[in-house]
Amino acid sequence: MNNYDMEDTQNSAPGALPAVQASKLAPRRGPDAQSTTKRLQTELMQLMTSSAPGISAFPSAADNLLAWAATIEGPDDTPYQGLTFKLSFAFPLNYPYAPPTVLFKTPIYHPNVDFSGRICLDILKDKWTAAYNIQTVLLSLQSLLGEPNNASPLNGEAAELWDKDPEEFKRKVLGRHRDVDDE
Amino acid sequence: MMAGRTLDTKKRRVFDSVFGAPSISQPTPVATPVTGFTAPGQAFGTPQVHRSPSNSQTPSALKVSPEKVTTDYVQDQVRWDRSWHIVTRVLNLPNFPEHRGVLEPLKPERESVDKDFYNALDVLLYPQTCVPLARQTEDIIAWHTSQVRRHFLQQVLPIIISLKAHGSADAVLLRAVKVLETAQRQYLHGLSFIKEHIDNSGPPGASVSVMSRFHRDIYAVISNSVADPMLGVLREVLGRHVSRILGLPSKENANTYSIAPENVESEKARRDLLALVDSLKSVGLAGEQFQVSFAEIMNDSMTEYVHRGCKGIWSLTGLFENRPSKNAILLRAAHHSTPSRCVTDLCEWIENRYAKLAVQVLGMLDPKYTISWTDKEKYKEMSISRLAELRINELYDIVVRWPHSKGALDDLRTAINTPQKRLHLTEVFANTLSEKLLHPGASTLQILQTYIAMIWSFHALDHSKVLLDRVAYPLQLYLSSRDDTVRIIISGLLSETEDAQGDPITTSTEKLVELAQLLNNNSEQIGPRADDEELDWHDMDWMPDPVDAGPGYRRSKNADIIGTLIGVLGSQDVFIKEFQNIMGENLLKHDGPFDKEVKVLELLKVRFGEAPLQACEVMLKDIQDSGRLNGLFRKRLRDRHDSHIGEADTEKVADSIDTPNNQSEPPLHVKVLSRLFWPQQNTEDFGVPREILELQRAYAEGFESIKSSRVLTWMQSLGQATVELELEDRTVVEEVHTWQAAVISSFQFRTSQDQEGTAAQRTIEELVDELEMDETLLRSALKFWVNKLVLQEVAPGTFCVLETLNKEDRERSNAQAAASNAASNKDESSDDTGLAASDGVGNEKMGMYWQFIQGMLKNSSSQMPLQQIAMMLKMLIVDGFPYSNEELQEFLGRKVADGSLEMVGGKYKLKK
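From a predicted model like this one, the values you see are computed outputs, not experimental measurements. (Residues numbered from 1 in each chain as written. Chains lettered and ligands numbered in written order. Predicted model: local features only at pLDDT ≥ 70, side-chain atom pairs only at ≥ 80, totals over all residues. Heavy atoms only, no water.)

(A) Representation of the overall build of chain B in the model. Secondary structure summary: chain B contains 31 helices and 10 strands in total. A buried classification covers 46% of the 912 residues belonging to chain B. Nonlocal contacts in chain B, meaning residues at least 24 apart in sequence, comprise 70% of its contacts between residues at least 6 apart. (Helix = DSSP H or I, 4+ residues; strand = E, 2+ residues; numbered from the N terminus. Buried < 20%, exposed > 50% of the residue type's maximum accessible area, 1.4 Å probe, protein only. Contact = heavy atoms within 4.5 Å.)

Next up, the structure:
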């Protein structure tokens, strides 16, 4: 992933060390709230300056960077085409050394998502590394919509239907989907 | 006893003044039991001739009888007393008048002294033989010494002290020396009688010890009493002479910073000084205090010389060609392949003038003092370490003046030879550095230039880099806190080293040209440092590692400026990202082989490895591919439309040449960028002129047929156009941005539609509609053309073409043309700023802020009031959101107007 977020190092207030250089000069310390916030701010700037089509994310409230809301548009040529899904991100204090907790807020019919929105995705569990970020997670989820991992389904019926009866699958998807508005 | 005698003398003087004095007064005998009365006509107390036989008989008469002994004893005593009286009377010191002439005859006059005196003196000097029985005898010399001492303190000293009050130092000193000389002559005159007598009567050489003891005593008296009060005067005179002899500027011309060569004046001063020292020595003033003063003055002179003669003289110019043999006089430690001018001068000065003076003066004080060769070496060492101290304090300025200050660094290298001195040097320099440079008043460019100069200078000073590392750390730390450091380094690497005329640019106030020069000269060894240097047996300049090197020390021979700058200031990511941005700009802005970019890319690859720089490689390749594609399409289009030549390239950039009169075939050069690998490009969309649009469409078709999987997106506002405008009375050719070209071309079409009617008039509103261009951008373009005297604003918001110029405008136009030839790049850059600096929320960042607002409204909450949006922006954008709520409201208002947003119940909401 290319980071073209030059803005954040070029225009910071004079006197304040830009994050990259500051971390270079100071001995690396363990993760703390400060560096987590910093990291999330950088990610936000990155998302805003180089957004990928069909995904978007933003902090839920200005005073808590640890909770975000995200939106995924269903990819074309999948049963989810034209649908929009909302997700919530909850970041642990030691992010990015531990994965965020991601849930679908919009009800979705999908082999790897259960009815309460929990997701079965390896990079959100044991395959997580600090190299992943919000954007990569969202892109992975977007591709998961088109290519479910039917080997380890949370929703067995959906896994079965995906292969056997795409029509029925699509009907179930549309039936389950409904727009949520958080207000 | 002596006091009593003086009293007597005084009384007698009073008496004599009334009754007249006999030629020689007589002592009143202490006891005269056996002497008869003096014969009539004979002076009382005159030595009696008949006494002599009895005197001579005395020894034999010793044992005759007790009475006889008693008588003899008394006689001897009387004789002693009388002799004493005669001698002291003659030798009594006369009063010392204040203005006594030197040539005035001394008393007592030699002629007036008669035989009686010598007989008496004989008695006093040899009492054992002459008056063996006298019980009370005294040393006549001790008496004389003590009367001299008293005389000096009571009569001479007050005169000398009173001298100080008036006259110049020279005169005072001269006068004091004269007085002392006179007094001394007087004292020695009295003594000389005794001395002569001893010489005549005693064993040879007996007088020497007497005289030397007397001299010692009298010098002690003089130096103890006179030296202190005269010290100030003495120092002043000495100092003046010494500085004149050594060529130092005196107080009157203290402003001159040069050392006078040896000349008549200095020779005269030397003679004067030596004469002075001689006379001081003769009167006893050349004692310890004189020597201390002289030493102090010499010491100060050396410092003075170093400050006067070496301060600010740092260059190497004209050094050795004309005096090849000077090495001989250098300090042994200073022998070096390139001793600097100051060190050479200094050693020469010490050798020929300083040491010479010291030898002469000290030799005069005491012939036993000699200045040995080692002393001279010591002087040189001292002077060089003073020079080093001076240079250390000047070091910052020396560094800034690099490379015109190599000489000064040579001075330092000679002298900085112990760890303590090295530590001192780095401490002083670090202090100066943080005082003079590391503050917000200095530009980053300036700091970097200084850093480069520091690397050079310290490398010249100390190849080991230990010193540099010590002083550079705070600088590096400070530079890391500057945002533009990396950008300046990279753009410096990529900058032009020659100006438009092909002359090399040596310094610049805008860019770090030094780096580009280094890169071009290839003087720097690019690549991994030669680690096997230790094994180079042929390296005759090999030096051991300095003792104060740190544990992580690694020797490296070259200065490696680029490497240091890149390696130290900022992380790899920052550098690569910055390089990408700047290279991207350059690639888009210019055509050409991009040699510099390739070179810098290679340099960075060596340092950071291939993988992180992959994107940059792709960028370069994009541009090269674009060139090939352009050629391909040009051929293809020519085949297709025969006369239509169009060159097109890719996703992003259009380069067009737009000729209004020949509308058919502006050639189009396209640069295709691979979006994923290029930095984010800010672009404004607008309606390009029709014929360009057609060319673009044709190109896009062709491109997609060649590379089917790729989609071409035009970025209209990037790129350049060459515009040639034929107006009624002139032709204007300008290299402009595409958006500027689009604006002027819309005037062109209107002109042709109106036929020959009035000049074309367009309002801003019309243009906004027609070009679908942002209003700020449009205004900026209009302003550009108004400045070029192509358009004029006939009414607010309405512009028309200025077909003919009046005289004034013509002159302005000519002047502009001349000016723009000189600095063609300047107005380009100022236009760029014109684009960004607009009213309200700026174009440049508008895109980013809009992204934030969209993300916010899409995810966080579907509708938000103004305050909440403002607060979110302020808290979430790392650099802060610099606009007020009113400005934000205006911005959001525009978004509402163009249909992206809607207002529902005071809250903003994305329009579905």
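(B) Here's a closer look at the overall build of chain A. A count of helices and strands for chain A gives six helices and four strands. Ordered by position from N to C terminus, the α and β elements of chain A give α-α-α-β-β-β-β-α-α-α. Within the span of chain A, comprising 183 residues, buried residues form 45% of the whole. When contacts within chain A are restricted to residue pairs at least 6 apart in sequence, those whose partners lie at least 24 apart make up 57%. Total accessible area computed for chain A in this model is approximately 8900 Å², and 52% of it derives from carbon and sulfur atoms. (Areas by Shrake-Rupley, 256 points an atom, 1.4 Å probe, with all protein chains shown as cover.)

(C) A look at the sheet that holds strand E2 (residues 64-73) of chain A. Strand order in the open sheet formed by four strands is E1-E2-E3-E4 (chain A), and the pairing between neighbours is antiparallel. Two strands close off the open sheet at either side, each with one partner strand: strand E1 (55-61) and strand E4 (101-104) of chain A. Mean inter-strand twist for the sheet, computed between neighbouring axes without regard to direction, equals 25°. Inspection of the sheet shows strand E3 (residues 84-90) of chain A paired to E4 of chain A by four bridges, in the antiparallel sense. Each residue of the ladder has a partner; that of Leu-87 of chain A, found in E4 of chain A, is Phe-104 of chain A. Docked against the sheet, helix H30 (residues 866-876) of chain B engages E1 and E2 of chain A, running at close to 100° with respect to E1 of chain A. (Pairing = 2+ DSSP bridges. Axes fitted to C-alpha atoms, helices over the stretch in contact; angles between N-to-C directions.)

(D) Representation of the sheet that holds strand E8 (residues 863-865) of chain B in the model. All names here are of chain B. Ordered by their spatial adjacency, three strands build an open sheet running E8-E10-E9, and the pairing between neighbours is antiparallel. The sheet is open, and its two edges are formed by E8 and strand E9 (901-904), each paired on a single side. For this sheet, the mean inter-axis angle between neighbouring strands, taken without regard to orientation, is 35°. Bridge count between E8 and strand E10 (residues 907-910): three bridges; the pairing is antiparallel. When the sheet's bridge partners are listed, Gln-863 is paired in E10 with Lys-909.

(E) The arrangement of the packing of helix H15 (residues 444-461) of chain B against helix H16 (residues 466-480) of chain B in detail. All names here are of chain B. Relative to each other, H15 and H16 sit at 170°, their axes nearing to 10 Å. With respect to each other, H15 and H16 are oriented roughly antiparallel. Facing Thr-444, Ile-447, Leu-448, Tyr-451, Met-454, Ile-455, Phe-458 and Leu-461 of H15, the residues of H16 in contact are Leu-467, Leu-468, Val-471, Ala-472, Leu-475, Gln-476, Tyr-478 and Leu-479. Residues belonging to the contact of H15 with H16 are distributed by class as follows: 14 nonpolar, two polar and no charged. (Parallel < 35°, antiparallel > 145°, perpendicular 65-115°, else oblique. Nonpolar A, V, L, I, M, F, W, Y, C, P; charged D, E, K, R; others polar.)

(F) How the structure looks around a positive patch on the surface. A grouping of Lys-10, Arg-13, Arg-89 and Arg-150 of chain B is seen on the molecular surface, where their side chains present a positively charged patch. Locating Arg-150 of chain B in the fold gives a position in helix H6 (residues 140-163). (Patch = residues over 30% accessible without salt bridge, like charges linked within 9 Å, V, L, I, M, F, W, Y side chains within 5 Å. Salt bridge = Lys/Arg side-chain N within 4 Å of Asp/Glu carboxyl O. Lys, Arg positive; Asp, Glu negative; His and termini not counted. Charge placed at Lys NZ, Arg CZ, Asp CG, Glu CD.)

(G) Region of interest: the nonpolar core. Counting 162 residues, the largest nonpolar core has Met-454, Phe-458, Leu-515 and Phe-579 of chain B as its most contacted members. No fewer than three residues from each of domain 1 (67-239) and domain 2 (573-643 + 666-680) of chain B sit in this core. Contact partners of Phe-579 of chain B, with chain neighbours within four places excluded, come to Ile-490, Leu-494, Gly-584, Glu-597, Val-600, Leu-601, Leu-604, Leu-613 and Cys-616 of chain B. Core analysis: the next-biggest nonpolar cluster, separate from the first, contains 65 residues, Leu-144 and Leu-145 of chain A together with Met-848 and Phe-852 of chain B among them. (Core = buried A, V, L, I, M, F, W, Y, C linked by side-chain atoms within 4.5 Å. Domains from an automatic or database assignment.)

(H) Focus on the packing of aromatic side chains. Applying the stated criterion across every chain yields a total of 19 aromatic pairs over all chains. A centroid spacing of 6.0 Å and a plane angle of 40° characterise the contact between Tyr-95 of chain A and Trp-128 of chain A, whose relative ring orientation is tilted. One end of the pair, Tyr-95 of chain A, is in the loop between E3 and E4; the other, Trp-128 of chain A, is in the loop between E4 and helix H4 (134-146), and 33 residues separate them in sequence. Residue class for Tyr-95 of chain A comes out buried when judged on its relative accessible area of 0%. A centroid spacing of 5.5 Å and a plane angle of 80° characterise the contact between Tyr-354 of chain B and Tyr-379 of chain B, whose relative ring orientation is edge-to-face. Within this pair, whereas Tyr-354 of chain B is found in helix H11 (residues 341-365), its partner Tyr-379 of chain B is found in helix H12 (residues 373-400), the two being separated by 25 residues in sequence. With respect to class, Tyr-354 of chain B is no different from Tyr-379 of chain B; both count as buried. Through a chain of ring-to-ring contacts, the aromatic side chains of Trp-68, Phe-89, Phe-91, Tyr-95, Trp-128 and Tyr-132 of chain A assemble into a single cluster. One cation-aromatic arrangement involves Lys-895 of chain B over Trp-850 of chain B; the distance from NZ or CZ to the ring centre is 4.5 Å. (Phe/Tyr/Trp six-rings, centres within 6.5 Å; stacked < 30°, edge-to-face > 60°. Lys NZ or Arg CZ within 6 Å of the ring centre and 35° of its normal.)

(I) Spotlight on the side chain of Arg-391 of chain B. Inspection of the secondary structure assignment puts Arg-391 of chain B in helix H12. In terms of polar contacts, Arg-391 of chain B uses its side chain to reach the side chain of Glu-394 of chain B, at 2.7 Å. (Polar contact = N/O pair within 3.5 Å; in protein donor to acceptor, adjacent residues only side chain to side chain.)

(J) Spotlight on the confidence of the model for chain A. Residue and element names in this part refer to chain A. Overall, the prediction assigns chain A a mean pLDDT of 79, with 80% of residues at 70 or greater. Across chain A, the element-wise mean pLDDT spans from 41 in helix H2 (residues 19-25) up to 92 in E4. Predicted confidence for residues 1-30 stays below pLDDT 50, and this span has 57 contacts to residues more than four positions away or in other chains. (pLDDT = per-residue confidence, 0-100.)

(K) Spotlight on unusual backbone geometry. Residues and elements named next belong to chain A. Cis geometry marks the peptide bond from Tyr-95 to Pro-96, where omega comes out at 5°. One non-glycine residue with positive phi stands out, namely Asp-77, at about 60°. Counting through the fold element by element, Asp-77 comes out in the loop between E2 and E3. Look at Asp-77 and you get exposed, because its relative accessible area is 75%.

(L) Region of the structure containing the environment of Gln-696 of chain B. Residues and elements named next belong to chain B. Its location among the elements puts Gln-696 in helix H23 (residues 690-706). The exposure class of Gln-696 is buried, given its relative accessible area of 2%. Each C-alpha atom, one on Gln-696 and one on His-669, is 9.8 Å from the other, the two residues being 27 residues apart in sequence.

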